[in-house]
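Examining the three-dimensional arrangement
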Amino acid sequence: MSESSGAKAGAGDQVRAIEWREDNMATQFANVVNVQGTREQVDLFFGTNRTWNLAQTESVVVDLSNRVILTPLAAKRLHSVLGGVLAEYENRHGRLDLDA
């Protein structure tokens, strides 16, 4: 599976199991994401587009629901794991077109 589901070991490193706890997990839906970053952190903003008809409005309304703050190292790991998941998705279901 991916790096997120296990630990990698280098020379002389001990492999440790990861215990995933779901007790306090919440599920949110988002169809909009934005990212900003500084030297110390990367911020991910998630929300839902509430604009139904773009032809009848001058602006797009997005209700922001969550902000996730990552260290740059955690953001790099997310980039790697998410890239692998999306590549696997595209192999199974076809290419995702961002311009569509």
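Just so it is clear, the model here is predicted, and its values are computed rather than measured.

What follows covers the environment of Arg67. With respect to the helices, strands and loops of the structure, Arg67 is situated in strand S3 (residues 62-70). With relative accessibility at 53%, the residue Arg67 sits in the exposed group. Sequence-wise, Arg67 and Gly47 are 20 residues apart; in three dimensions their C-alpha atoms are separated by 9.1 Å. Setting aside residues up to four positions removed in sequence, Arg67 forms contacts with Leu44 and Phe45.

Attention now moves to the sheet that holds strand S2 (residues 42-49). One open sheet accounts for three strands, arranged S1-S2-S3; its pairing is antiparallel. Of all the strands in the sheet, just strand S1 (32-37) and S3 have a single pairing partner and so form its edges. Each strand of the sheet is rotated relative to its neighbour by a mean of 20 degrees, with strand direction disregarded. Here S2 pairs with S3 via eight bridges, running antiparallel. Looking across to S3, one finds that Gly47 is bridged to Leu64. Across the face of the sheet, helix H1 (residues 72-93) comes into contact with S2 and S3 while running at roughly 110 degrees to S3.

For the structure on display, the rule yields three salt bridges. Residue Glu88 is joined to Arg92 by a salt bridge in which the shortest nitrogen-to-oxygen separation is 3.1 Å. Pair noted here: Glu88 and Arg92 are both in helix H1, with a separation of four residues, about one helical turn. For Glu88, a relative accessible area of 43% gives the class partly exposed. According to the relative accessible area criterion, Arg92 is exposed, its value standing at 61%.

Here is what the cut-offs are and how they apply
Residues numbered from 1 in each chain as written. Predicted model: local features only at pLDDT ≥ 70, side-chain atom pairs only at ≥ 80, totals over all residues. Heavy atoms only, no water. Helix = DSSP H or I, 4+ residues; strand = E, 2+ residues; numbered from the N terminus. Buried < 20%, exposed > 50% of the residue type's maximum accessible area, 1.4 Å probe, protein only. Contact = heavy atoms within 4.5 Å. Pairing = 2+ DSSP bridges. Axes fitted to C-alpha atoms, helices over the stretch in contact; angles between N-to-C directions. Salt bridge = Lys/Arg side-chain N within 4 Å of Asp/Glu carboxyl O.

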